[in-house]
Each structure stands twice: as structure tokens, then as C-alpha cells.
Amino acid sequence: MPPECALRLVEIAPGKRSKRPDVARIVRDEGGRILAAVPKGALCVALEVTGRAWTTPQLAERLQVWLGEGRDVALLVGGPDGLSDECRAAANLAWSLSPLTFPHALVRVMVAEQLYRAWSIVSGHPYHRA
């Protein structure tokens, strides 16, 4: 990624599970750790199946606005049981990559590639050929 679009991955350890996990508590605790890792003043975007799906040109438009605002953007990805209500409430936007559920490792690659593709549109780089 170019310097103006640098990505920084912050991994939040999943909550510990027992034979009878208190899923609500685990999700709430994970949510607290996620929000604690968000830079102060950052725009929060929750990655949610129920969020809005954006086309690549729409993402490029959003990226251009985000770059123009000059503030950090935090992309919130929930644990295996999803994002907490607190994370959803803190989010300024909800983005859906797909109605499908993906493993975290794949989401990271998909988001990075889509952000790079959006940056290529914004900057006139030939990577995006559509």
C-alpha cells in the first residue's frame, strides 16, 4: 500500500472459551478490546454482513473522502461470534463485503486488495482495469 493508504493490522485476542461459554460476555469483552485499540478520532467502519455493499468505484469515492479528511479509518472486524453492540454503536458506517461469512485471514486479504484497488482508481494507477 502507498504511504498515504498504509494499513496497520491490530489483532485482538479472542475471548477464552470454556465448555459452556458465556458468548454474550465474550463478545462484549472482545468489543471493549477492539474499541480500546481504535485511534482517538478515527472514523470507525464496522465490517458487517448487514452493512452496505459497495461497488469498487463507490469504495474509491469513500476512500477519496477519507484521504481528504486526513484522519485514521479503523475497520472493525468481529471475532467468531461477531461484533459487540458497543462496536456497532461506535461505528460511523457498516460495510458488507458479502452476505457470506468469511474467515478472518481471508477478510484481511480481501479488504487490503479492495483498498489498493480503490486507491488505484483514485490515483489513476492502471491496476484497476474495469
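These numbers were taken from a predicted model, which means no experiment stands behind them.

Here is what the cut-offs are and how they apply
- Residues numbered from 1 in each chain as written.
- Predicted model: local features only at pLDDT ≥ 70, side-chain atom pairs only at ≥ 80, totals over all residues.
- Heavy atoms only, no water.
- Disulfide = S-S within 2.5 Å.
- Helix = DSSP H or I, 4+ residues; strand = E, 2+ residues; numbered from the N terminus.
- Expected span 1.5 Å × (residues − 1).
- Buried < 20%, exposed > 50% of the residue type's maximum accessible area, 1.4 Å probe, protein only.
- Contact = heavy atoms within 4.5 Å.
- Pairing = 2+ DSSP bridges.
- Axes fitted to C-alpha atoms, helices over the stretch in contact; angles between N-to-C directions.

A. Focus on the state of the cysteines. With the rule as written, the count across this model stands at zero disulfides. Among the cysteines around Cys44, which has no disulfide bond, Cys87 carries the closest sulfur, lying 8.1 Å off.

B. Examining helix α4 (residues 104-123) more closely. The end-to-end C-alpha separation of α4 is 28 Å, in line with the 28 Å expected for 20 residues at 1.5 Å each. Turning to α4, its buried residues number three or more, namely Val107, Val111, Leu115, Ala118, Trp119 and Ser120. On its buried face, α4 sits against β1 (43-52), α2 (56-69), β2 (73-76) and β3 (93-95). Of the residues trailing α4, Gly124 is marked for its positive phi of about 80 degrees.

C. Representation of the sheet that holds β3. Strand order in the open sheet formed by three strands is β2-β1-β3, with parallel pairing between adjacent strands. With partners counted over all chains shown, the strands left at the sheet margins are β2 and β3, one partner each. The sheet shows a mean angle of 40 degrees between the axes of neighbouring strands, taken without regard to direction. The pairing of β1 with β2 spans four bridges and is classified as parallel. Following the sheet pairing, Cys44 is matched in β2 by Ala74.

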